[in-house]
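Examination of the molecular architecture
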Amino acid sequence: MIEIKNLSKTFYTSDGEVPALKDVSISIPDGDIYGIIGMSGAGKSTLVRCINMLERPTEGTVIIDGEDLGALSEKELRMKRHDITMIFQGFNLLMQRTVLKNVTFPLELIGVNKEEAENKALELLKIVGLENKTKAFPAQLSGGQQQRVAIARALATNPKVLLCDEATSALDPDTTRSILSLLREINKDLGITIIIITHQMSVVESICKHVAILDNGEVVEEGEVGQVFSHPKSNAAKKLVFPDGDFANQAFIPREGERFIRVVYNGAQATGKPLIAHMAVEIGIEASISYAATSTIADKQYGSMILGIVGGDDEIKHAIEYLSRDADILAEEVSVNAE
């Protein structure tokens, strides 16, 4: 269990104090994939650096498995960091070392003998799918391959926690999906707690179980990804979930007798089935799409739409029942002015 309690971080500059984090409290269960998301400048990277004490918080505590990291000596903290490793947007590989030597590097630092270190590195490179790249240098690899090397290196000390600071931001969408799939497999097979720092809602949707949304150094919303995604409450969450604008701010001109249903796709299997057309055929209720912001990620649908239906209580009830048959689809009636 990772417990972040009342964490604050203030930087002191020549221009005065800059509060980067303000009273942040988060609990992350063992084995979770936890997302920390926010726009640029929200404090995400500062928070992740406070988790492993690369940045000392001004106030508050970070407790991992019952141990207060802030109370550890520098030597004890260095030992603890074997359990808390990190991958970065820029990969941070050693360019003059081969792939194999990059992965053995952290093992060399803690005194593991050469043969054991290389055997461990080969095992990890097989896990990340690069067992045939041992003699290559980072410059000879694609961005996705470099990040896989960085992941293998991060796993070398058998960590309990893997911190990912914008680890997919420099990668194209297909490569991002493959890296996220790899992280999901590592979490499942090795039981490692993974903390994802990102500004991309699609990353959170694809892999995370829980999420905290940071805005101006504060946690403004947190919980299960499905709940936060389905019912964003804070302005920061709405901007992330509805990058094209919240439906509440759209200009709707309802037809006479028209009412609105909000449909939220929270990881529903993407089948290609035209749901709205099938509703018209199967139960005789036609709907017009007044607003839509949906995407398909890893064969699953995320996003939301607003449907306009002309009818009374029975039509709305039957439409909601039909649309809600999939457990990963939420349907509810809303007014055009709903928040």
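Since the model is a prediction, treat every value here as computed from it, not as a measurement. (Residues numbered from 1 in each chain as written. Predicted model: local features only at pLDDT ≥ 70, side-chain atom pairs only at ≥ 80, totals over all residues. Heavy atoms only, no water.)

Some words on the overall build of the chain
Along the backbone of the chain there are 11 helices and 14 strands. Once the C-alpha set of the chain is aligned to its principal axes, its extents read approximately 75 × 50 × 35 Å. Residue pairs in contact within the chain that sit at least 24 positions apart in sequence constitute 69% of those at least 6 positions apart. When the accessible area of the chain is evaluated, it comes to approximately 16,300 Å², of which 48% is carbon and sulfur surface. (Helix = DSSP H or I, 4+ residues; strand = E, 2+ residues; numbered from the N terminus. Contact = heavy atoms within 4.5 Å. Areas by Shrake-Rupley, 256 points an atom, 1.4 Å probe, with all protein chains shown as cover.)

Focus: the sheet that holds strand β4 (residues 59-64)
Reading across the sheet, the 4 strands line up as β2-β1-β4-β5 and stay open at both edges, with antiparallel pairing between neighbours. Here the strands that pair on one side only, and so sit at the sheet edges, are β2 (16-28) and β5 (67-68). Where β4 lies against β5, 2 bridges are found, and the strand directions are antiparallel. Within the sheet, the bridge partner assigned to Ile 63 lies in β5 and is Asp 68. (Pairing = 2+ DSSP bridges.)

Here's the deal with the pairing of strand β3 (residues 33-37)
Consecutive residues of a regular strand have side chains that alternate between opposite faces of the sheet. When you tally the buried positions in β3, you get 5 out of 5 residues, the bulk of the element. Here β3 shows a buried face lined by Ile 33, Gly 35 and Ile 37 and a second buried face lined by Tyr 34 and Ile 36. Two strands pair when backbone bridges link them, and β3 and strand β8 (residues 193-198) are joined in this way by 5 bridges, in the parallel orientation. For Gly 35, the partnering residue across the bridge sits in β8 and is Ile 196. Here β3 runs beside strand β9 (residues 210-215); their pairing, made up of 4 bridges, is parallel. Looking at β9, one finds that Tyr 34 is bridged to His 210. (Buried < 20%, exposed > 50% of the residue type's maximum accessible area, 1.4 Å probe, protein only.)

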